[in-house]
Amino acid sequence: VQLCYKCRASMVYRSLPLLACVASASAFLTGPVAVPGTACFNGATMARSGLGLRAAKTGRAATLAPLRMQTATGVDTAALAKAANEARGLAMDSIAAAKSGHLGLPLGCAEIGAVLYSDFLQHNPKDATWLNRDRFVLSGGHGSMFLYSWLHMAGYDLPMSEVKNFRQHNSATPGHPEFPNSEHNTPGIEATTGPLGQGVVNAAGIAAAMKMEQALFNTKDHTIFDSVAVSLCGDGCLQEGVSAEGAQFAAHEGLDNLIIIYDSNDVTLDKMAEYTQSEDTAMRYEAYGWEVVTIDGHDIEAVKSTLDKFRAAKNGKPKLLIAKTIIGKGIDEVAGTNAAHGEAGVAYVAENKKRMGLTEPWQVSADTYKIFEAKHNSDRYTKWQSTFGDWKTANAEKAAMLDKFVKKEVPSVADMFKAIPEISKDKDVATRESGSQIINYISDLVPQFLSGSADLHGSNKNYIKTGGNYGRGFDKSYTGKNFYFGIREHGMGSLMNGISFHGLFRPSGATFLVFVDYMRATIRVAALAEQPCTYILTHDSIGVGEDGPTHQPVETVSSLRTFPNLDVMRPADAEETVAAYVHSATRQNGPTALILTRQNVKEQSHVAKEVRREGTMKGAYILHKETGDLKLIIMAAGSEVQHAMEAAKVLGDGVRVVSMPCMDVYNRQSDAYKKEVMPDSCRKRVAMEAGVGAYWYQYVGLDGKVLSVERFGMSAPGDIVFKELGMTADHLIKACKDYM
């Protein structure tokens with residue numbers, strides 16, 4: 001009978017050779033549940049496309065097969081299978097009601113969700129921010145009803161009314177999961193996901209932060225941190241290159257507390273996966289240094305036992321569980337096809353729910369809710385609270401530090417300014433050079449502030465000298481504050497977001513400004529999720545010189561200013577750089593980009609450091625005030641401020657110079673302050689910056705003038721490039737005279 005229904009399934013998928021179907025069916029019935037690596041699945045040689053499972057497990061007969069009771073690991077698989085079907089029903093009903101959403105993942109991974117939330121995850125739904133909880137990241141964020149269904153059923157503060165309100169305005173169940181922020185505060189969401197590939201790397205960042213908290217706070221007498229990071233992803237996540245960058249980092253640094261569950265359903269949106277991929281994913285991850293196991297993702301016993309083994313294996317290897325699943329399982333008309341990915345199955349919801357025994361909309365039985373109650377204030381949680389109390393008593397200094405980290409406490413701006421001496425009073429230096437001193441003061445004042453670079457610590461000059469290096473082997477340890485991300489900007493950005501999502505540490509990462517485009521997608525998520533990441537971006541303009549236009553980021557500063565909630569700070573000298581770093585280290589509701597020069601800039605030491613620092617904290621300020629009637633305002637940022645100051649000396653007593661290191665911060669100031677800096681009465685305004693100038697027009701107005709660089713640069717010494725492209729004091733003076 002089993003073989004017969006498998007052959008019947010092969011008739012549904014007529015493209016599958018009958019011989020392959022018979023072979024896979026025979027092996028499926030006789031083989032083991034899970035095997036390491038790639039060679040076998042359930043005893044059969046596994047085609048890269050996984051056709052054997054799809055042929056064996058799809059079709060109406062498969063969904064009508066009787067439930068098995070497997071209790072080798074103490075799990076009631078019948079009860080969890082029922083819960084899985086009820087989770088499928090929630091996803092069907094909510095997506096049908098919204099007329100929008102993705103059915104495939106929530107239905108295909110239901111058994112995985114049942115194991116995670118009922119048994120495997122170390123969590124307490126009644127204390128959603130428990131410090132020692134496991135973190136679960138849904139990397140395939142389009143399948144968000146998977147997450148909302150299980151959070152509700154597990155007992156998190158996500159009522160059924162919000163499940164029903166899926167994808168609606170102001171609901172707690174937005175289209176893709178959103179980390180708690182000013183817009184949403186859904187409990188149990190550990191990362192903002194949706195852009196494929198980023199979530200699995202966020203999980204790696206979380207795992208890295210977990211390693212750090214364990215190294216910093218666990219003692220020989222008390223283990224207060226022993227959690228793991230888990231992420232669920234699909235083919236799309238693993239096709240995106242960022243996932244490879246994160247996987248390489250995780251293996252190299254020994255993040256054996258990271259578990260990725262790969263929903264291997266052989267389907268992508270446009271086509272079956274075999275149309276665009278033929279690699280052996282398991283062998284690829286084994287080559288990275290991961291432990292890899294392949295199982296039937298609908299086998300509750302196999303999911304449970306494999307995850308338990310992964311948690312116990314402290315072998316220095318991150319874990320990849322390849323779960324062979326049927327996308328859209330439960331809706332026979334689309335199950336196992338790319339049509340199941342979205343809402344194509346909505347038309348068949350009513351009939352298939354009835355067949356599954358779900359007779360009511362949004363049906364969850366009392367028995368299912370009861371399964372999850374064991375996680376509410378469990379014995380493990382209660383025991384941890386006792387251990388935590390003993391640890392605090394025995395480790396007062398560590399406890400005080402942890403408390404500050406949890407509360408995200410940092411010194412006040414005034415206290416930080418007081419603690420950081422004047423950086424460069426008599427010497428003109430590059431802002432990246434002054435930054436090399438400032439970041440070390442910041443590290444001392446804000447011990448949770450971390451540094452990292454995409455293989456450019458020496459050039460970015462952002463190394464924390466007393467911080468040590470993070471990771472495994474060589475001179476590294478998990479308490480190290482300097483992360484060596486390798487030449488992986490995209491991965492660096494996602495890892496930083498994961499570290500920030502974890503909640504105890506404030507990550508920073510550095511690269512050349514021109515390479516920030518590799519990580520734009522991750523900066524966007526940080527800004528959207530209001531994460532306090534710091535991006536240290538050096539070699540900021542045509543001043544890069546001889547490296548030529550490939551390395552001269554003329555458009556990049558303006559493009560970064562386009563992001564909502566990203567504060568882009570381009571300081572003019574060392575003291576403005578102090579304030580820019582302090583701003584980034586104290587900001588709580590979003591990321592900051594520090595745009596720093598390679599070439600030396602004029603130190604404006606004739607202006608008190610307090611004026612420059614406090615003015616920078618307001619985004620823009622009067623650096624030079626006119627001594628006569630105000631006739632002209634010259635505004636600039638970064639290395640062009642020095643030219644504005646030189647021009648003011650020549651152009652007469654009616655010229656004001658405004659240094660504007662951060663447009664967004666300035667725009668948040670009061671109208672009174674903005675009119676004080678740039679009064680409406682003065683319509684003669686000139687702006688200067690060595691880059692695309694579009695954003696300056698909001699300040700110069702229709703009557704003003706912008707001196708900018710609206711073309712790519714050239715390969716020549718930096719001073720020649722500046723001269724050729726008009727970024728000099730002489731050119732500014734001439735332009736102002738002509739304008740006046």
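Here is what the cut-offs are and how they apply
- Residues numbered from 1 in each chain as written.
- Predicted model: local features only at pLDDT ≥ 70, side-chain atom pairs only at ≥ 80, totals over all residues.
- Heavy atoms only, no water.
- Helix = DSSP H or I, 4+ residues; strand = E, 2+ residues; numbered from the N terminus.
- Rg over C-alpha atoms; globule rule 2.2 N^0.38 Å.
- Contact = heavy atoms within 4.5 Å.
- Areas by Shrake-Rupley, 256 points an atom, 1.4 Å probe, with all protein chains shown as cover.
- Lys, Arg positive; Asp, Glu negative; His and termini not counted.
- Charge placed at Lys NZ, Arg CZ, Asp CG, Glu CD.
- Phe/Tyr/Trp six-rings, centres within 6.5 Å; stacked < 30°, edge-to-face > 60°.
- Buried < 20%, exposed > 50% of the residue type's maximum accessible area, 1.4 Å probe, protein only.
- Lys NZ or Arg CZ within 6 Å of the ring centre and 35° of its normal.
- 1 Å grid on protein atoms, 1.4 Å probe; cavity = no way out; pocket = protein on both sides within 12 Å on 5 of 7 lines; lining within 4 Å.
- Points joined across faces, edges and corners; volume = space filled by probe spheres on them.
- Nonpolar A, V, L, I, M, F, W, Y, C, P; charged D, E, K, R; others polar.
- Expected span 1.5 Å × (residues − 1).
- Arc of directions from axis to C-beta.
- Salt bridge = Lys/Arg side-chain N within 4 Å of Asp/Glu carboxyl O.
- Polar contact = N/O pair within 3.5 Å; in protein donor to acceptor, adjacent residues only side chain to side chain.
- Pairing = 2+ DSSP bridges.
- Axes fitted to C-alpha atoms, helices over the stretch in contact; angles between N-to-C directions.
- Core = buried A, V, L, I, M, F, W, Y, C linked by side-chain atoms within 4.5 Å.
- Parallel < 35°, antiparallel > 145°, perpendicular 65-115°, else oblique.
- Right-handed = clockwise from strand over helix to strand, strands pointing away.

### What about the overall build of the protein?
Looking only at helices and strands, the protein features 32 helices and 21 strands. Since a compact globule built from 740 residues should have a radius of gyration of about 27 Å, the 29 Å found for the protein is in line with a globular shape. Dimensions of the protein along its principal axes, counting C-alpha atoms only, are 95 × 60 × 45 Å. Taking all contacts inside the protein whose residues are at least 6 apart in sequence as the whole, residues at least 24 apart take part in 75%. Accessible area for the protein stands at about 28000 Å²; split by element, carbon and sulfur atoms hold 53% of it. One finds the centroid of the 77 positive side-chain charges in the protein at a distance of 1 Å from the centroid of its 82 negative side-chain charges.

### Examining the packing of aromatic side chains
Counted according to the given criterion, the structure contains 23 aromatic pairs. Between Trp696 and Tyr699, the aromatic rings sit 6.3 Å apart at their centres with planes inclined by 65°, giving edge-to-face as the arrangement. The residues Trp696 and Tyr699 share a single accessibility class, namely buried. Feature note: the residues Trp130, Phe217, Phe225, Tyr381, Trp384, Phe388, Trp391, Phe405 and Phe505 constitute an aromatic cluster, connected by ring pairs. Over the ring of Tyr275 we find Lys271; its NZ or CZ atom is 4.7 Å from the centre of that ring. Over the ring of Tyr739 we find Lys684; its NZ or CZ atom is 4.7 Å from the centre of that ring.

### Details of the layout of surface pockets
Here the second largest pocket defines a volume of roughly 590 Å³. Lining the second largest pocket are 31 residues, with Phe179, Lys408, Phe501, His502 and Gly503 sitting closest to its centre. Looking at the lining of the second largest pocket, the elements that each hand over two or more residues are helix H18 (396-407) and helix H22 (489-502). The element contributing the most residues to the lining of the second largest pocket is H22, with three residues. When its residues are assigned to classes, the lining of the second largest pocket shows 13 nonpolar, 11 polar and seven charged.

### Quick look at unusual backbone geometry
With the exception of glycine, the majority of residues adopt a negative phi angle, and the majority of peptide bonds are in the trans configuration. Even without being glycine, Asn377 reaches a positive phi, approximately 50°. Looking at the element boundaries, Asn377 is found in the loop between helix H16 (366-372) and helix H17 (379-394). The class of Asn377 is partly exposed, set by a relative accessible area of 44%.

### Some words on H17
Compared with the 22 Å implied by 1.5 Å per residue over 16 residues, the 23 Å span of H17 between its first and last C-alpha is a close match. Taken residue by residue, H17 has Tyr381, Trp384, Phe388 and Trp391 as its buried positions. One side of H17 carries all its buried residues, which in axial view fall inside an arc of 75°. Exposed side chains of H17 directed beyond 90 degrees from the buried face belong to Asp379, Lys383, Thr393 and Ala394.

### Details of the pattern of salt bridges
As enumerated under the stated definition, the model contains 35 salt bridges in all. Residue Glu646 pairs with Lys649 through a salt bridge whose shortest N-O separation is 3.3 Å. On the criterion of helical spacing, the pair formed by Glu646 and Lys649 is a turn pair, its members being three residues apart in helix H27 (residues 641-651). What makes Glu646 partly exposed here is its relative accessible area of 35%. Residue classification places Lys649 among the exposed residues on the basis of a relative accessible area of 64%.

### Topic: the environment of Asp266
Considering the arrangement of structural elements, one finds Asp266 in the loop between strand E6 (258-264) and helix H13 (281-288). Taking the C-alpha atoms as reference, Asp266 lies 8.4 Å from Thr325; in sequence the two are 59 residues apart. A polar atom in the side chain of Asp266 sits 3.1 Å from the side chain of Lys324.

### With respect to the sheet that holds strand E18 (residues 632-636)
Strands sit in the order E17-E19-E18-E20-E21 across an open sheet of five strands; the sheet is mixed. Single-partner strands in this sheet number two, and they are strand E17 (621-624) and strand E21 (705-707). Neighbour to neighbour, the strand axes of the sheet diverge by 30° on average, direction disregarded. For strand E20 (residues 685-688) and E21, the ladder comprises three bridges, and the chain directions are parallel. Within E21, the residue paired with Met688 across the bridge is Leu707.

### Overview of the side chain of Thr268
In this fold, Thr268 is placed in the loop between E6 and H13. Reaching out from Thr268, the side chain makes a polar contact with the backbone oxygen of Lys271 at a distance of 2.9 Å.

### A look at the nonpolar core
In terms of nonpolar packing, the biggest core is built from 74 residues, with Leu255, Leu258, Trp290, Leu402, Phe483, Tyr535 and Leu560 touching the most fellow members. The element that contributes the greatest number of residues to this core is helix H10 (residues 198-217), accounting for 11 residues. Among residues more than four places away in sequence, those in contact with Phe483 are Ala208, Met212, Phe249, Leu450, Ser451, Gly452, Ser453, His457, Tyr470 and Ile499. Counting 64 residues, the second-largest nonpolar core is a separate cluster that includes Ala154, Leu158, Leu307 and Phe310.

### Here we look at the packing of helix H12 (residues 241-252) against H22
With their axes 8 Å apart at the nearest point, H12 and H22 run at an angle of 70° to one another. Accordingly, the angle class assigned to the pair H12 and H22 is roughly perpendicular. The segment H12 lies against H22, with Val242, Glu245 and Phe249 engaging Glu489, His490, Gly491, Ser494 and Leu495. Partitioning the contact of H12 with H22 into residue classes produces three nonpolar, three polar and two charged.

### So, H22
Between its first and last C-alpha atoms H22 spans 20 Å; for 14 residues at 1.5 Å apiece the expected length is 20 Å, and the two agree. Within H22, 14 of the 14 residues are buried, leaving the element largely enclosed by the surrounding structure.

### Some details on the environment of Ser231
With respect to the helices and strands, the residue Ser231 is situated in strand E5 (residues 229-233). Ser231 sits in the buried class, given a relative accessible area of 0%. In sequence terms Ser231 and Phe483 are 252 residues apart; their C-alpha atoms lie 22 Å from each other. Setting aside chain neighbours within four positions, we find Ser231 in contact with Phe136, Val137, Ser139, Gly199, Val200, Ala203, Ile259, Ile260 and Ile261. In this structure the side chain of Ser231 is engaged in a polar contact, spanning 3.0 Å, whose partner is the backbone oxygen of Val137.

### So, the pairing of E18
Of all five residues in E18, five are buried, a share of seventy percent or more. Residues of E18 alternate between two faces, with Leu632, Ile634 and Ala636 on one and Ile633 and Met635 on the opposite face, all of them buried. Across five bridges, the pairing between E18 and strand E19 (residues 655-659) is parallel. Bridged to Leu632 within E19 is Val655. Handedness of the crossover joining E18 and E19 through H27: right-handed. In this structure, E18 lies alongside E20, joined through four bridges in parallel fashion. From the neighbouring strand, Ala636 faces E20, where its bridge partner is Met688.

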